[in-house]
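Results of the structural survey
Single-letter residue listing:
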Amino acid sequence: MSTLFALLFYFALLVFSLGLGYRIYDYANTPQPLKIPTTPAPITIGGVVLRMAREVFLFESLFKSNLWIWGLGAMFHFGLALVLLRHLRYFTEPVWSWIALLQPFGTYAAFPMMIGLAGLWARRFLVERIRYISTPSDHLMLALLIAIGLSGLSMKWIAHTDIISTKAFFLGLMRFDLQPLPNSGLLYIHLGLVATLMLIFPFSKLLHAPGVFFSPSRNQIDNPREARHIAPWAKKLESEN
Ligand code: HEM
């Protein structure tokens, strides 16, 4: 089982990093032929950085458009961020002091994270307009995240797993020194689902995470009169004439 999971995680990490790297490369090279910032928009680079920071850390545009979804999204994403930071203890030795300090917050952040996910999933069934536009992949991603959370919570609160050996296994993977994974069904489920998430991430709607940084309506400066916006291919045509 340990060898199987080791191979699975190496493969998942390869697909995740190459896939995500390619997507980011592709986004960065997608032409932006027009100036289309959503106004009122910043007129300086500093302003754009601030706008993006508000979008990434506070979900500003969602806050302005739908407070309910914002609340559920915030519970899920902020909860997830703390849960993932708490997980860094499995990959660092010695554990960094600020990660140690975060542990209690990470433990309880799993609850708002799950409530947020449950609410976002319920919305896809209960709001008719959203039900109509929901695809199987929308449901699948939510189900996958909920299953990861439930298996993690079960290990934390119902049937403990040996986290020392789990950590030894992952530190071993990082040093190419295979260590045994504890014999725990819940851990196998948790890790199997996490590897699945890593494998489908580069092909899924979860790409909105890197994608938000490349959204022209948010990352452009509102200066069409001060600086002419011209796509590189159009510039090439001009110099040829
Ligand atoms: C290789 C990566 C991962 C490993 C090794 C891992 C391992 C674990 C372990 C051992 C626990 C039990 C903690 C305890 O008993 O104190 C746990 C809990 C949990 N995991 Fe993971 N996990 C991983 C990735 C993830 C991911 C990507 C998510 C979310 C998308 C996640 C969500 C959770 C949650 C919500 C809990 C319960 C709350 C907590 O104790 O932190 N895990 N995980």
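Let me begin by describing the structure that accompanies this report. (Residues numbered from 1 in each chain as written. Predicted model: local features only at pLDDT ≥ 70, side-chain atom pairs only at ≥ 80, totals over all residues. Heavy atoms only, no water.)

Take the environment of Ile 200 next. For Ile 200, the location among the structural elements is in helix α9 (residues 185-200). Through-space distance from the C-alpha of Ile 200 to that of Tyr 10 is 15 Å; in sequence the pair is 190 residues apart. Those residues in contact with Ile 200, other than ones at most four positions away along the chain, are Leu 140, Met 141 and Leu 144. (Helix = DSSP H or I, 4+ residues; strand = E, 2+ residues; numbered from the N terminus. Contact = heavy atoms within 4.5 Å.)

Our next topic: the side chain of His 190. Examined against the element boundaries, His 190 turns out to sit in helix α9. Among residues more than four places away in sequence, those in contact with His 190 are His 87, Ile 148, Ser 151, Gly 152 and Met 155.

With that settled, consider the coordination of the iron atom of the ligand. The protein atoms that coordinate the iron atom of the ligand are His 87 (NE2) and His 190 (NE2), at distances spanning 2.0 to 2.1 Å. Every donor counted, the six donor atoms about the iron atom of the ligand form angles of 88 to 178° at the centre, which fits octahedral coordination. Within this pair, whereas His 87 is found in helix α4 (residues 67-87), its partner His 190 is found in helix α9, the two being separated by 103 residues in sequence. By relative accessible area, His 87 is classed as partly exposed at 27%. Assessed through its relative accessible area of 11%, His 190 is described here as buried. (Donors = N, O, S within 2.8 Å, 3.2 Å for Na, K, Ca; no water. Tetrahedral: all angles 85-135°; square planar, octahedral: opposite > 155°, others 65-115°. Buried < 20%, exposed > 50% of the residue type's maximum accessible area, 1.4 Å probe, protein only.)

What follows concerns the site of the ligand. The local shell around the ligand holds 21 residues, among which Arg 86, His 87, Arg 89, Tyr 90 and His 190 are the closest. Between Arg 86 and the ligand, the recorded distance is 2.7 Å, taken from a side-chain N or O atom to an oxygen atom. Counting residues per element, the ones that place at least two in the shell around the ligand are α4, α7 (136-157), α8 (163-174) and α9. Of all the elements, α7 adds the most residues to the shell around the ligand, at six residues. Residues that form the shell around the ligand fall into these classes: 14 nonpolar, four polar and three charged. (Near = heavy atom within 4 Å. Polar contact = N/O pair within 3.5 Å; in protein donor to acceptor, adjacent residues only side chain to side chain. Nonpolar A, V, L, I, M, F, W, Y, C, P; charged D, E, K, R; others polar.)

Applying the stated criterion across every chain, the model contains 15 aromatic pairs. Relative to Tyr 188, the ring of Phe 5 lies with its centre 5.4 Å away and its plane at 25°, an arrangement referred to as stacked. Here the residue Phe 5 occupies a position in helix α1 (residues 2-28), and Tyr 188 occupies one in helix α9, the gap between them amounting to 183 residues. Accessibility assignment for this pair places Phe 5 and Tyr 188 in one class, buried. Linked through ring pairs, Phe 9, Phe 91, Phe 169 and Phe 170 together constitute an aromatic cluster. Lys 156 extends its terminal NZ or CZ atom over the ring of Trp 157, reaching a point 5.3 Å from the ring centre. (Phe/Tyr/Trp six-rings, centres within 6.5 Å; stacked < 30°, edge-to-face > 60°. Lys NZ or Arg CZ within 6 Å of the ring centre and 35° of its normal.)

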